[in-house]
Amino acid sequence: MAETPRTTPRTVRLHERDNVAVVVNEGGLAAGTALPGGPVLVEKVPQAHKVALVDLPAGTPVLRYGVEIGRTLADLPAGSWVHERRLAMPDARGLEGLPRATRRAPALPPLEGYTFEGYRNADGSVGTRNLLGITTTVQCVAGVLDVAVQRIREQLLPKYPNVDGVVALEHAYGCGVAIDAPGAEIPIRTLRHIAQNPNFGGEVMVVSLGCEKLQPERLMPPGSIPIGGPSGGVMGHVCLQDGAHVGFMSMIDDIVATAERHLQRLNARRRVTVPASELVVGVQCGGSDAFSGITANPAVGFASDLLVRAGASVMFSETTEVRDAVEQLTARAATPGLAQRIVDEMAWYDGYLQKGGVDRSANTTPGNKAGGLSNIVEKAMGSIIKSGTAPISGVISPGERLAGKGLTYAATPASDFICGTLQLAAGMNLHVFTTGRGTPYGLAACPVLKVATRTELARRWHDLMDLNAGRIADGEATIESLGWELFHLLLAVASGQRTWAEHWKLHNALVLFNPAPVT
Ligand code: CA
């Protein structure tokens, strides 16, 4: 594979049962191209799209990853382009009779001796960045907080060089919502747990309006701030409707003065050497293409296994993107009880989608399809590979905090921003994001390391992509070598090395998952 020049036709077939392969060549392959040891293309097949390796009469199951991703709607001779309009999607696997904790994979050998430089917190967690997070009870205060944060950046941060930045935790929740409706606990606990993210050092500061439904004591109840730290469990609080505020500038002065007390304590912190087991890595994909499941996601899966072996926490999410692989998940659950938790999360989400009159097929985007992904089944099989091979030793619901080390299924919607927001709430201190179509995604609260699935994207977006997994398809790296590269890069970024998103200060908004009604 490594010696093959790029001009020869190249395809990837992932499983010996597969009757299709994916075209690797940039620009695709023209009609009449003879695949080495395979058929002659009867039509042009674009890059990342599938070619039929054998004749596929109408109704034939099309196999990728050794799994049926659909059935042909018409006769497709060998060498045909197999795309989403030529496939009927299989129904979702029912949630009954699933295998539970049946895989019993041998325990992965421990990986010892790997460390990074992080900020140890009073509650035992470790930050990869030293940030002041200022949370909010309601969107009403966002404009005022933005003005104050600009002043904090200009006037205060130069005095506190050990602080990496200040992050306004703004959102659309807090008022005009049915705050006691079933499901409302999800956005509320999400906000609370984000304020407790390890990258905020146990310092909690809240800006509230005064009349909103989500009052500060409901957002951060007593006991939600670690008392062992320098803040002594005391929350900084500025209420804009406070009678002491006369005019706009007094609000700004109050926020800036409160922020300075937190900055003084954060500035006294120093990085210390900690074991790699303190990493809490959230993995996610967005703008996926057919290469996601061949290059970037398998490399992330390999790195995920290394992290689990090193004792770290890894979480994977995106319920609609793993729903079609539910059988693999329940089989990989460490216990039957965890398998049941997975089933419960899937059932809840099936019901949630049903209420909206859709199902998991609403997930795939025009970009996914242009990128060669025919449907959600094919996308899911490529997505699940990010989770590696470790047993699933934890399951959490949206907005909950991680409870233990190892591999956790953190149930979240697949929306990049909602998933990232919920992984922050779970306690993520490092984020890995794979993309094939390309997205400039970033988060203010946590470094996001972006992995490109294709060399062409990595070349064009050379100052946005942190790692090029396209080298696997090019024959210049292996899943294993790239997985190790990612593992070492994660330790370097955790220790302070900046990602491209941090370099350019790119970050997306927090987006809460609120399944409850607004009023
Ligand atoms: Ca996503």
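This is a predicted model, so every value here is computed, not measured. (Residues numbered from 1 in each chain as written. Predicted model: local features only at pLDDT ≥ 70, side-chain atom pairs only at ≥ 80, totals over all residues. Heavy atoms only, no water.)

We now examine the layout of surface pockets. As a volume, the largest pocket reaches approximately 760 Å³. Elements with a contribution of two residues or more to the lining of the largest pocket: helix 1 (142-156), strand 11 (165-169) and helix 15 (500-503). Taken together, the residues that form the lining of the largest pocket break down as 17 nonpolar, 4 polar and 8 charged. Two domains each donate at least three residues to the lining of the largest pocket, and these are domain 2 (118-272) and domain 3 (280-504). (1 Å grid on protein atoms, 1.4 Å probe; cavity = no way out; pocket = protein on both sides within 12 Å on 5 of 7 lines; lining within 4 Å. Points joined across faces, edges and corners; volume = space filled by probe spheres on them. Helix = DSSP H or I, 4+ residues; strand = E, 2+ residues; numbered from the N terminus. Nonpolar A, V, L, I, M, F, W, Y, C, P; charged D, E, K, R; others polar. Domains from an automatic or database assignment.)

This next bit is on the confidence of the model for the protein chain. Caution applies to low-pLDDT regions: their predicted coordinates should not be interpreted in detail. Averaged over every residue, the pLDDT of the protein chain is 94; residues scoring 70 or more account for 99%. Taken as a whole, residues 1-6 scores under 50 in pLDDT and shows 10 contacts with residues more than four places along the chain or in a different chain. (pLDDT = per-residue confidence, 0-100. Contact = heavy atoms within 4.5 Å.)

Bringing the domain arrangement of the protein chain into the picture now. According to the domain assignment, the protein chain consists of domain 1 (1-88), domain 2 (118-272) and domain 3 (280-504). For domain 1 and domain 3, the distance between their C-alpha centroids amounts to 26 Å. Opposite the 23 residues of domain 1 that make contact, domain 3 presents 24 residues. Across the domain 1/domain 3 interface, buried area totals approximately 1,900 Å², and carbon plus sulfur atoms make up 54% of it. There are 3 salt bridges connecting domain 1 and domain 3. In this structure, E378 engages K50 in a salt bridge whose closest nitrogen and oxygen atoms are separated by 2.8 Å. In this assembly, domain 1 and domain 3 are joined by 11 residue pairs in polar contact (both at pLDDT 80 or more). Breaking the side of domain 1 that touches domain 3 down by element, the ones donating at least two residues are strand 2 (20-23) and strand 5 (67-72). (Buried area = accessible area lost by both parts, 1.4 Å probe. Salt bridge = Lys/Arg side-chain N within 4 Å of Asp/Glu carboxyl O. Polar contact = N/O pair within 3.5 Å; in protein donor to acceptor, adjacent residues only side chain to side chain.)

Right, let's talk about the environment of L424 for a bit. Looking at the element boundaries, L424 is found in helix 11 (residues 416-426). The class of L424 is buried, set by a relative accessible area of 1%. Taking the C-alpha atoms as reference, L424 lies 17 Å from T319; in sequence the two are 105 residues apart. The contact partners of L424, leaving out residues within four places of it in the chain, are H193, I194, N197, L443, A445, C446 and L510. (Buried < 20%, exposed > 50% of the residue type's maximum accessible area, 1.4 Å probe, protein only.)

A separate point is the pattern of salt bridges. Throughout the structure, instances matching the rule amount to 25 salt bridges. In this structure, E502 and R498 form a salt bridge, with 4.0 Å as the shortest nitrogen-oxygen distance. Here E502 falls in the buried class, since its relative accessible area comes to 16%. Where salt bridges share partners, they join D289, R454, E456 and R460 into one cluster.

Sheet architecture is open: 7 strands sit in the order 17-18-16-15-19-20-21, paired in parallel fashion. Each end of this open sheet is capped by a strand with a single partner; those strands are strand 17 (392-396) and strand 21 (467-468). (Pairing = 2+ DSSP bridges.)

The protein atoms that coordinate the calcium ion are Q284 (OE1), C285 (O), E318 (OE), A414 (O) and D416 (OD), at distances of 2.4 to 2.8 Å. The sequence pattern formed by the donor residues of the calcium ion is Q-C-x32-E-x95-A-x1-D. Pair noted here: Q284 is in strand 15 (residues 280-285) and E318 is in the loop between strand 16 (313-316) and helix 6 (319-322), with a separation of 34 residues, a long-range link. A relative accessible area of 0% places Q284 in the buried class. (Donors = N, O, S within 2.8 Å, 3.2 Å for Na, K, Ca; no water.)

Moving on: the nonpolar core. In this structure, L279 and L486 are the most contacted members of the largest nonpolar core, which totals 65 residues. No other element matches the 8 residues that helix 14 (residues 479-494) contributes to this core. If you count residues domain by domain, this core takes at least three from each of domain 1 (1-88) and domain 3 (280-504). Apart from the residues within four sequence positions on either side, L279 is in contact with F116, T128, L307, A312, S313, N429, L430, L491 and A494. Membership of the second largest hydrophobic core comes to 26 residues, among which are V144, L145, L209 and M251. (Core = buried A, V, L, I, M, F, W, Y, C linked by side-chain atoms within 4.5 Å.)

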